[in-house]
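Chain and residue survey
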Protein chains: 2
Amino acid sequence: MYEDRIRHAGLRGRVVTAEEAQAWIQNGMTVGVSGFTRAGDVKAVPKALAAQVKKTGEVRKINLYSGASLGESDPILSESGVINSRLPFIADAVTRKAINRGDIRYMDQHLSHTVEILRTGVLGHMDLAIIEATAITENGGIIPTTAVGNSPVFVEKADKIIIEVNLAMPLNFEGLHDIYIPQDRPSRQPIPIMNVSDRIGVPYITCDPDKILGIVISNESDSPSDLPPADAETERMAGHILELLSHEVRRGRLPATLGPLQSGVGQVANAVLSGLRNGPFEGLTVYTEVAQDAVFELMDAGKVAFASANSLTLSQSMQERVLTQLDAYRDKMVLRPQELTNHPEVIRRLGVIAINTALEVDVYGNVNSTHVGGTHMMNGIGGSGDFARNAALTIFVTKSLAKDGKISSIIPFTPHVDHTEHDVDIIVTEQGIADLRGLTPRERSKEILAHVVHPMYREALADYVQRATARGGQTPHLLSEALSWHTRFEQTGDMRLAELVGTVNK
Amino acid sequence: MYEDRIRHAGLRGRVVTAEEAQAWIQNGMTVGVSGFTRAGDVKAVPKALAAQVKKTGEVRKINLYSGASLGESDPILSESGVINSRLPFIADAVTRKAINRGDIRYMDQHLSHTVEILRTGVLGHMDLAIIEATAITENGGIIPTTAVGNSPVFVEKADKIIIEVNLAMPLNFEGLHDIYIPQDRPSRQPIPIMNVSDRIGVPYITCDPDKILGIVISNESDSPSDLPPADAETERMAGHILELLSHEVRRGRLPATLGPLQSGVGQVANAVLSGLRNGPFEGLTVYTEVAQDAVFELMDAGKVAFASANSLTLSQSMQERVLTQLDAYRDKMVLRPQELTNHPEVIRRLGVIAINTALEVDVYGNVNSTHVGGTHMMNGIGGSGDFARNAALTIFVTKSLAKDGKISSIIPFTPHVDHTEHDVDIIVTEQGIADLRGLTPRERSKEILAHVVHPMYREALADYVQRATARGGQTPHLLSEALSWHTRFEQTGDMRLAELVGTVNK
């Protein structure tokens, strides 16, 4: 049985049920799992674990490390109370609430940092890795599915391994991955990716078969990632970015093929890429963490020549299309570990154009990507810092308003900073583009006031800046008022002074 | 004349006086100069420019780009009013005041970013480069002096070049530099530094002789960088770091030779390195921006096997010693452009241990390195971000108190963030060490409260954290109080509540 999926004959006897496998996960263990942004996550064993704990009421707390967010496993495991610690990224409401209550220890990390921190030993020992596979090779190598995540290093570091072979993943995933682990210091060599299409490793995760405890057979698609259709504001933001890119090409500051594109997860990022379908750019490349639907639309339209990603995070319909036509993308795509997709070395060498989402931006261009109200975790910083710091052009996007105008995303002072002014080139809202490159903080505030803040909040923000500037400084502020927009929102549910409420459409 | 210093015969006729050379610097020009942290800066031409402007009262405003801070030229040029824009780092009181008044446009940059930004074209065109040299080679190559800075790229980009050949710099500087400029994208290759001692370029800055307008002969030492002797608190901080490093070696988390050391400029950084003289570590290496006195003390003591740096920023007495004994360090030292000393690619590959100074640190480990009171520029971020983000171990140091206890350097909320919690592993004050690795923000606050805050402020800070935590969140804060320590200081000159003033020695 499963000769095509488990090619190492000696391993075929290790097939177990998910119920049997979950028993290997013991209280206090540190467990590394496959999965990145809903793709390629293990599905059967986490569910079986949650079901067992629910049934017996036993206490089993684990430290759960992944590539990024999982699909259904995240809420299921969080709900069942088995998570002690979680890293490096989440995007699920149940987990988020538990984190903000303090019930789950959450370490928010740059996605390129996780394996480096793991190697230092300060996170302790990894007991178990649970990895989704398309198949297992003759030598025990693990062929991943729709994401690579941190799986190669988890497999290397974990004492024991459980593999979920997912029959829903087509066998011709084989060959789409490029697995490479940098050597340990002091013998570490350069990462030899000079073009997005360079393959530098092998198409499977090397694995000692003796470490494989058991193999679970699953048959389940990734949790789909259906995005709401782009609204008018999102399309305006996408339009602004396309205009900016055209402008840079005309000025000779970008080549006609732009640079390798990275875009964060979500509606705007997807809309920007979608917009390139009708744009003038040809021979585009993608060097990103997450390939959403738009990347495939662009490949289909002949606009994108090659895409390097970590995961395929697709809608239901795009999943069906891509997984049945994998061979069509074989020479246009590679999936790599996040240590490579997010590595400062490669991002800076290639000259990536990075487009990521901000929660809010202060009037000098400091960005909060993670903490609602400065205190409550939304998802995590993800790879945005890896890209923002090292890209050739760093763009942050946000709608200028939230909550029907009760919140301005452009504020005097941000109550949490993930990306400092030094790492932010361009801010885009539906209002326009603030090009902060080569400007001092005082000039940045003028650009932001002129182009990206919503008109409803412009006067109040300009007044703050003006009075602050009268007091001097490189980055003028009035500390007694800096957070007043946020405290007003806490108190009244609206950042606006009372006399302005209701003026959103003026 | 000067055959040994100007070996390109055709260039010997271009010797001019500094007074003649300064006339080439025209109003509105962008000028790139050599110099990094008081070392290797051009000396004669800036002085002549300032004198001329003072004499005539003429308006000549330039954009002045350098490697980092200059020596005497910074205050002289700022005072003379010739600076329109300045980047990427300063460390001089006159310039600082002009920046904070808004009279000098200052772009504070990661030191690895400057040449990348210059290449994009958004900073405009570089008209002139003025570079200090030990000598000019037969083919017009420029042999730098005590710093390399951004000079290689300035020479490449500038229309015209003025060279100051400094006779005070010994001729045997030749061979100590390693000059390499990464190729332009998309042909950029890995930077092949695998060990701190690897030489990957040539010992001079390649220069088209036709671009050389003139050569000025100078004879002047670098402005000395005399540090105050380490005080008791500084020595305690250095002791804490040595203890930490020993602990990491015992735990097997660092090799006995540690990792390549980077330390920022100043008293504490110098004291830490000095402390290694009597420590157990052998075969140390240094991969840093600035080599201060301690690096040479360690080489002399046989503790440091090799040091890679950008500049030699030395006290008067160490300058005299090193410059007369350069040959003794020839096989133990290399000076490189800051694009290499500060490159994320190399820092991450080598596993650098980074020690930098914070102005203040919040209770979750976010660091302000640049803005006094959140608004007024101190010096700039320098290379601290390049190292903090990419090092294998990132340490920030600060005394727990400033201004006789009127200021706590450990505060509820920092009014400016240069380094986010994600990039900060260890905080050291004279009180002790907060090891933040692998901790959630709430746990980080406990570690900071227990180990690094001054006892005088501990209770107030613990009270803030406790009340904030009651409101929940990943990073608990009370926004209405978050900046109250700073606003109290603005109002009363003291961060302490009135009843605590005077308790510093309790």
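Residues numbered from 1 in each chain as written. Chains lettered and ligands numbered in written order. Predicted model: local features only at pLDDT ≥ 70, side-chain atom pairs only at ≥ 80, totals over all residues. Heavy atoms only, no water.

1. Let's talk about empty space enclosed by the protein
If you walk through the whole model with that rule in mind, you get 12 cavities of 30 Å³ or more. Quantified by volume, the largest cavity comes out at close to 470 Å³. Looking at the largest cavity, it is lined by 31 residues, and the ones nearest its centre are His422 and Asp425 of chain A together with Gln109, His113 and Ile117 of chain B. Looking at the lining of the largest cavity, the elements with two or more residues in it are α14 (384-390) and α15 (441-451) of chain A together with α5 (114-120) of chain B. Class assignment of the residues belonging to the lining of the largest cavity gives a composition of 11 nonpolar, 10 polar and 10 charged. Its volume calculated, the second largest cavity comes out at about 180 Å³. (1 Å grid on protein atoms, 1.4 Å probe; cavity = no way out; pocket = protein on both sides within 12 Å on 5 of 7 lines; lining within 4 Å. Points joined across faces, edges and corners; volume = space filled by probe spheres on them. Helix = DSSP H or I, 4+ residues; strand = E, 2+ residues; numbered from the N terminus. Nonpolar A, V, L, I, M, F, W, Y, C, P; charged D, E, K, R; others polar.)

2. Points about the pairing of strand β4 (residues 83-87) of chain B
Residue and element names in this part refer to chain B. When you tally the buried positions in β4, you get four out of five residues, the bulk of the element. Relative to β4, strand β3 (residues 62-65) runs parallel, the two being bridged by four bridges. Among the inter-strand pairings, tyrosine 65 is bridged to a residue of β4, identified as leucine 87. In this fold, β3 hands off to helix α3 (residues 73-80), which returns the chain to β4; that crossover is right-handed. Where β4 lies against strand β5 (residues 105-106), two bridges are found, and the strand directions are parallel. Of the residues in β5, the one forming a bridge with serine 85 is arginine 105. Each parallel crossover has a hand, and for β4 linked through helix α4 (residues 93-101) to β5 it is right-handed. (Buried < 20%, exposed > 50% of the residue type's maximum accessible area, 1.4 Å probe, protein only. Pairing = 2+ DSSP bridges. Right-handed = clockwise from strand over helix to strand, strands pointing away.)

3. Focus on the packing of aromatic side chains
Per the stated rule, a full pass over the model turns up five aromatic pairs over all chains. Each ring, one from phenylalanine 296 of chain A and one from tyrosine 329 of chain A, has its centre 4.9 Å from the other, and the planes form 90 degrees; the classification is edge-to-face. Of this pair, phenylalanine 296 of chain A sits in helix α9 (residues 293-300) while tyrosine 329 of chain A sits in helix α11 (residues 326-329); the two residues are 33 residues apart in sequence, bridging distant segments of the chain. Judged by its relative accessible area of 2%, tyrosine 329 of chain A falls in the buried class. With centroids separated by 5.4 Å and ring planes inclined at 35 degrees, the aromatic side chains of tyrosine 457 of chain B and tryptophan 485 of chain B adopt a geometry described as tilted. With tyrosine 457 of chain B in helix α16 (residues 455-469) and tryptophan 485 of chain B in helix α17 (residues 484-492), this residue pair connects regions lying 28 residues apart in the sequence. (Phe/Tyr/Trp six-rings, centres within 6.5 Å; stacked < 30°, edge-to-face > 60°.)

4. A look at the sheet that holds strand β10 (residues 212-218) of chain B
In space, the eight strands of this open sheet follow the order β1-β10-β9-β6-β2-β3-β4-β5 (chain B), with parallel pairing throughout. For this open sheet the edge positions go to β1 (15-16) and β5 of chain B, each flanked by a neighbour on one side alone.

5. Topic: the interface of chain B and chain A
Across the contact, 75 residues belong to chain B and 75 residues belong to chain A. When the two sides are added together, the surface that chain B and chain A hide from each other amounts to roughly 6000 Å², 53% of it contributed by carbon and sulfur. Of all residues in chain B, Arg348, Arg389 and Leu479 of chain B give up the largest surface area on contact with chain A, accounting jointly for 13% of the area buried on that side. Summed over the shared surface of chain B and chain A, the number is five salt bridges. Here arginine 349 of chain A makes a salt bridge to glutamate 345 of chain B, at a shortest N to O gap of 3.3 Å. On inspection of chain B and its partner chain A, the count reaches 38 residue pairs in polar contact (both at pLDDT 80 or more). When residues of the side of chain B that touches chain A are assigned to their parent elements, the largest contribution, five residues, is made by helix α13 (residues 344-350) of chain B. Of the residues in the side of chain B that touches chain A, the class split is 23 nonpolar, 32 polar and 20 charged. (Contact = heavy atoms within 4.5 Å. Buried area = accessible area lost by both parts, 1.4 Å probe. Salt bridge = Lys/Arg side-chain N within 4 Å of Asp/Glu carboxyl O. Polar contact = N/O pair within 3.5 Å; in protein donor to acceptor, adjacent residues only side chain to side chain.)

6. Looking at the relation of the copies chain B and chain A
Note on the identical chains: chain B maps onto chain A by a rotation of 180 degrees and an axial translation of 0.0 Å, with an RMSD of 0.0 Å. Here the transformation between the copies is reduced to the relation of a two-fold axis. Among all residues of chain B, the one whose C-alpha sits closest to the rotation axis is glutamate 345 of chain B, at a distance of 2.1 Å. Looking at the interface residues of chain B, 100% of them are also at the interface in chain A, so both copies use one shared face. (Least-squares fit on C-alpha atoms with pLDDT ≥ 70 in both.)

7. Notes on the sheet that holds strand β4 (residues 83-87) of chain A
Residues and elements named next belong to chain A. Taken together, the eight strands give an open sheet; going across it, the order is β1-β10-β9-β6-β2-β3-β4-β5, and neighbouring strands pair in parallel fashion. Of all strands in the sheet, those bounded by a partner on one side alone are β1 (15-16) and β5 (105-106). With six bridges connecting them, strand β9 (residues 160-166) and strand β10 (residues 212-218) associate as parallel partners. If you follow isoleucine 162 over to β10, its bridge partner there is glycine 214.

8. Focus on the pattern of salt bridges
All names here are of chain A. Counting across every chain of the model gives 61 salt bridges over all chains. Between aspartate 103 and arginine 101 there is a salt bridge, with the nearest N and O atoms lying 2.7 Å from each other. Overall, aspartate 103 belongs to the partly exposed group, its relative accessible area being 45%. Overall, the relative accessible area of 52% leaves arginine 101 in the exposed class. Where lysine 399 meets aspartate 231, a salt bridge forms, and the shortest distance between an N and an O atom there is 2.5 Å. In this pair, lysine 399 is assigned in the loop between β22 (393-397) and β23 (401-402) and aspartate 231 in the loop between β10 and α7 (232-250), connecting sequence segments 168 residues apart. Exposure remark for aspartate 231: the relative accessible area of 29% places this residue in the partly exposed category. When salt bridges with common partners are traced through the structure, they connect Glu116, Arg119, Arg185, Arg188 and Glu339 into a single cluster.

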